[in-house]
Structure formats: structure tokens, C-alpha cells
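Take a look at the letters that make up each chain.
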Amino acid sequence: MSFKVAFIGAGSLVFARTLFTDLMSVPEFHNIKVAFTDINADNLEKVTSLCQRDLDENNIPIHIESTTDRREAFRDARYIINCVRIGGLEAFETDIDIPLKYGVDQCVGDTLCIGGIMYGQRVIAEMLEFCRDIREVAEKDAILLNYSNPNAMATWACNKYGKVKTIGLCHGEIHGENQIAEVLGIPREELDVTCAGINHQTWYISVKHNGKEMLDQILPGFEAHEKFREEEKVRIDMLKRFGYYSTESNGHLSEYVAWYRKRPDEIIDWINLDNWINGETGGYLRVTREERNWFETDYPKILAEPPKKMDGSERSLEHCSYIIESLETGRKYRGHFNIMNEGCITNLPDESVVEVPCYVDGNGISVPKVGDLPLGCAAVCSQSIWVQRLAVEAAVSGNVSLLKQAALMDPLTGAVCNPPEIWQMVDEMLVAQEKWLPQYKEAIAQAKINMSRPDLIPVKENYRGAVRLREKTPEEVAKERAERVITA
């Protein structure tokens, strides 16, 4: 087959290499063209070297085109796979640490809440530039496969304003499916699972085994499960109150709603510290820092590890490669993707991004009509959709009033902060993130004036959150990774 795939954000060692290994696990793709691009030339060179070595060891005759010029990477590409983090760790730290001063305690801060809203401002501004380049130099009707968060906001902006067909991809629902299979005691491949909702707030609205609906057995299964009943307290509580299990992790879900992280002394009641993803304050920021430090210090050791196998045995469950395989070979694939709603979920706004089951084959991506979500689930999603819509429009136009309204309407941010505090917090974050927010030039100038006033609202300057853990050393991370490999 002859077509081109471009990876943007290819300097991500673990994720970009995983997606590339997946793609190369399709035998028909061993003669395609591949381009890697990233703004970090050093990381790009390291990941390219590893992936090229993987190719060579698997006797695949592809030479990766590696360039910091994204237009060259996009030139004539049919598929663009996006996994960038705009602002990197420097900006991410402000998404977590500044809100903490105002009492907003986030676990992840990349999808909703004030961290996700500000992350969206950075990502959308840059991804619209990607879309312009795709329209100008990529293959006609090229598809953007987006992994960057906030996934729904970015996917929404690229489809509506970028004018590029964009599919948002996430693996959250895959993990939840495996959990449900475990608590039911039924192999995952025997279950027929349907999820619907919005990214990171999708609901398992049907779980069938041999045609029999199993939803009424899910709650008792989770409550009886020794591990999950400790790790998934928020998800189980939501399951009790709304009747459906959420796809997203305990830590993620806890920051999308108003109820579980608004009182510092109660946060520990809803989370578990065996893994950051269960709700640790700034947990994802911590592990991202750890992974960066490990990558920088242990790269020679990584290079000495055995190459990836590209025979399918190391192919992950990420949707990306399966979508491309189906579109190019005609093999059928079913997965849950993020797409513009346009009537798929009938009690959510048509103009929103929903995560729903889709079918792929040689004719394209087909989206069946889901109909109405259960009313309570739709209400939770609708509240988030209005935050997303305000945030998207703010990011595209640089309208600071819409940005502050998005923060005010956000469930957790609004539960913790009053309007004056939110206005000041957003001003502080705009100033801190100035170099990644070109659309807010005038607003940032005013924010600097606002932040220089003598009557600022007092904040907790050194507050680290309800449950913040120590950052591990590169040596500790390397040891943990080695132990996981041995266990596996």
C-alpha cells in the first residue's frame, strides 16, 4: 500500500512508540511512508532512533522521515496522528499549582476543571495552526486522529473551525470494559458493550452476555471486588446514584463533578493512593515529571533493551491503528470514538463532541444513532458540554469574558471558588501562560494590571493540596518499570 502517516508530538517516547508499533503490526503497511515531527529536536531524534531500530530489527523497509518542520511532515499525508502537549511540563505545572492556591484540587487537570479549560486554550490555538497546514499541504480529505487533551474541546475546534475531519481517540472505555468483565467473571471478548456520553464522561449503557443485559449485576460486582471497591469509590458512588458506570478513572471523574473534591478534609475519603490515577492531588503531573526525568537519564538503557516486535504480538488496544487498517484494507472494526454529535445522542446538543460506538470499514466511519442517554447521565454530560462550548469559543476568539464564564460554570471550580476568586485565578493563569496564548494578548496586558493591584484576594501560596505525594527519583522509576516487566 502507498500512503503517508505523520505523527506530531512524536517526541513522546512511550506513547508515540506504542502507536507506531501498532501501525507497523499491520503487514500491509510495511511499505507506507512515515514522518515524525516534534518541536523538541532532542526527544524527536531519540524516539526516531528507537523506532527506526525497531523497524530494522523487524526487517521492515521503511525509513522514518524525521523533521522539526511540521509542514514537511504533513506534506501529502493521508493520516495525521496528534499527541502533542502544548506548553509541556512548564505550562502543566501552572494548570495544577495556581488553582491549588485558590483551593481547586485536581488529580489530572487536562480535560475539564480550570486546568483542562486553560490547557484547552493552549492546545486549540496551536491545533488550528496544524489544521491550516493540513488543509494546505496534506492529502485532500486527510484525517486528523487526535489523542491530545482536552480531547473533546480540541476535536470540536478542529472540526468546526479547523475544517479538518478530526476523530478524537481515548482508551478510557477499554480499561472500564476490562474492569466490568472482571467483576462479572466473564471474559471480555464474550461481552457486547455499548458506551455513550462525552470524552471522560462516557457511560456503559449496555453490557450484554449472550444477548442478556448484565447492568443489574455491575454494582454488586464492584462492591464485592476487594481491589476495585477501594480504588473506584467515586465511580461506584456515581454508579449507585445514576445507575450507570462511568468509563473514566476515579481520579479523572472526581474532578469533573462538584461533589468529591470541594472540601479538602473529605478528598481522602473518595480516593486511594495505591496508584495516582485513583485521585492523588496533581498525580498525573507527578508521574509525567518522573517519566521525563527517567527518559532523560535512562535513555542509554532503553536503547539497550530488546527492540519492539512488530508481528502483532505487542500491538496495543489503542484505536488508531485499527481505524487506519479498516479504512485501508476494508477489515471491519468497532470502537468508541469522539465525533461531532449531529443527532447521534438525541438529548445532547447537536453541536458537541460525543463519544459513541462507531464502525469502520473500507467505506469509511459509520456512526449509528444512540438515541437518548439516561436522563441523569445526560444532565451530567450537558453541564460539561456547556463548559466545553464556552472554552472552545473563548480559545478561538481570545474572548476573556467567555473564558472566565467557562471557569465559573465548571462544576468543581464553581463549587470551590466564588466569582471574584475565579476572575483573579484566570488572570493569574493568563499571565503565567502568556507565551502559549497568542490569542489573549490584550487580555493578558489587562490581567497584568489586575494582578498588580494592592487589594488582591488572599490565596494559599504554599498549599500543596489534600494528598500530594513525593516525586520519585529516576532510579526508583526505573526499578518499578523493571519489576513490572518481570511480573508481566
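Residues numbered from 1 in each chain as written. Predicted model: local features only at pLDDT ≥ 70, side-chain atom pairs only at ≥ 80, totals over all residues. Heavy atoms only, no water.

Novice: Can you help me understand the packing of aromatic side chains in this one?
Specialist: According to the stated counting rule, one finds 18 aromatic pairs in the structure shown. Centroid distance Phe3 to Phe29: 5.2 Å. Interplanar angle 90°. Geometry classified as edge-to-face. Note that Phe3 is positioned in the segment before strand 1 (4-8) and Phe29 in the loop between helix 1 (13-24) and strand 2 (33-37), a separation of 26 residues in sequence. The residues Phe3 and Phe29 share a single accessibility class, namely buried. Within the aromatic cluster, the residues linked to one another by ring pairs are Trp203, Phe242, Trp259, Tyr260 and Trp270. Above the plane of the ring of Tyr299 lies Lys46, whose end atom (NZ or CZ) is 5.3 Å from the centre. Of note, Lys460 hangs over the ring of Tyr463, and the distance from its end group to the ring centre comes to 4.8 Å. (Phe/Tyr/Trp six-rings, centres within 6.5 Å; stacked < 30°, edge-to-face > 60°. Helix = DSSP H or I, 4+ residues; strand = E, 2+ residues; numbered from the N terminus. Buried < 20%, exposed > 50% of the residue type's maximum accessible area, 1.4 Å probe, protein only. Lys NZ or Arg CZ within 6 Å of the ring centre and 35° of its normal.)

Novice: Hey, could you run me through the pattern of salt bridges in this one?
Specialist: Side chains bearing opposite charge may pair, as long as their charged atoms lie close to each other. Throughout the structure, instances matching the rule amount to 41 salt bridges. A salt bridge links Asp133 to Arg71, with the shortest nitrogen-to-oxygen separation between them at 2.8 Å. In this pair, Asp133 sits in helix 5 (residues 113-137) while Arg71 sits in helix 3 (residues 70-74), placing the two residues 62 residues apart along the sequence. Overall, Arg71 belongs to the partly exposed group, its relative accessible area being 28%. A network of salt bridges, in which partner residues are shared, links Arg70, Arg71, Glu126, Glu129, Arg132, Asp133 and Glu136. (Salt bridge = Lys/Arg side-chain N within 4 Å of Asp/Glu carboxyl O.)

Novice: Help me out: how do you make sense of the nonpolar core in this one?
Specialist: Buried together is how nonpolar side chains tend to be arranged in soluble globular proteins. Core analysis: the largest hydrophobic core is formed by 104 residues, its most contacted members being Phe7, Phe20, Met24, Phe36 and Leu145. Top contributing element to this core by residue count: helix 15 (residues 375-397), with 11 residues. When near neighbours in sequence (up to four residues on either side) are disregarded, Leu145 contacts Tyr79, Ile80, Ile81, Asn82, Ile167, Leu169, Cys320, Ile323 and Ile324. Counting residues in each nonpolar core, the second largest holds 24 residues, with Phe74, Val123, Ala154 and Cys158 among its members. (Core = buried A, V, L, I, M, F, W, Y, C linked by side-chain atoms within 4.5 Å. Contact = heavy atoms within 4.5 Å.)

Novice: Looking at this structure, I do not really get the packing of helix 15 against helix 16 (residues 400-409). What am I missing?
Specialist: Think of two packed helices as two axes; the pair is described by the angle between the axes and how far apart they sit. Where helix 15 meets helix 16, the axes come as close as 8 Å, and the angle between the chain directions of the two elements is 160°. With respect to helix 16, the axis of helix 15 lies roughly antiparallel. Here the hand of the crossing between helix 15 and helix 16 comes out left-handed. Residues Gln383, Val387, Leu390, Ala391, Glu393 and Ala394 of helix 15 lie in contact with helix 16, whose contacting residues are Leu402, Leu403, Gln405, Ala406 and Met409. Residues of the contact of helix 15 with helix 16, tallied by class, amount to eight nonpolar, two polar and one charged. (Axes fitted to C-alpha atoms, helices over the stretch in contact; angles between N-to-C directions. Parallel < 35°, antiparallel > 145°, perpendicular 65-115°, else oblique. Left-handed = near helix turned anticlockwise from the far one by under 90°. Nonpolar A, V, L, I, M, F, W, Y, C, P; charged D, E, K, R; others polar.)

Novice: Just to check I follow, could you spell out a nonpolar patch on the surface for this structure?
Specialist: Residues Ile268, Leu273 and Leu469 make up a contiguous nonpolar surface patch of roughly 210 Å² in combined accessible area. Checked against the element boundaries, Ile268 lands in helix 12 (residues 264-270). (Patch = residues over 30% accessible without salt bridge, like charges linked within 9 Å, V, L, I, M, F, W, Y side chains within 5 Å. Areas by Shrake-Rupley, 256 points an atom, 1.4 Å probe, with all protein chains shown as cover.)

Novice: Would you take a moment to explain the side chain of Arg289 for this structure?
Specialist: Mapped onto the fold, Arg289 is located in helix 13 (residues 283-304). Reaching out from Arg289, the side chain makes a polar contact with the side chain of Glu93 at a distance of 3.0 Å. Beyond its immediate sequence surroundings of up to four residues, Arg289 is in contact with Leu89, Glu93, Asp97 and Glu471. (Polar contact = N/O pair within 3.5 Å; in protein donor to acceptor, adjacent residues only side chain to side chain.)

Novice: Whenever I open this one, helix 6 (residues 151-160) confuses me. Can you help?
Specialist: Along an α-helix, a turn takes 3.6 residues, which lines up residues three or four apart on a common side. The buried fraction of helix 6 amounts to eight of the 10 residues, a majority that puts the element mostly inside the structure. Within the span of helix 6, buried status applies to Asn151, Ala152, Met153, Ala154, Thr155, Trp156, Ala157 and Cys158. Those residues of helix 6 hidden inside the fold are in contact with helix 5, strand 5 (143-146), strand 6 (165-168), strand 10 (333-340), strand 11 (353-361) and helix 15.

Novice: Just to check I follow, could you spell out the environment of Thr247 for this structure?
Specialist: With respect to the helices, strands and loops of the structure, Thr247 is situated in the loop between helix 10 (233-242) and helix 11 (250-254). The buried category is assigned to Thr247, whose relative accessible area is 3%. Measuring from C-alpha to C-alpha, the distance between Thr247 and Asp455 comes to 44 Å, with 208 residues separating the pair along the chain. If sequence neighbours within four positions are ignored, Thr247 has contacts with Gly172, Glu173, Cys195, His200, Thr202, Trp203, Tyr204 and Arg235.

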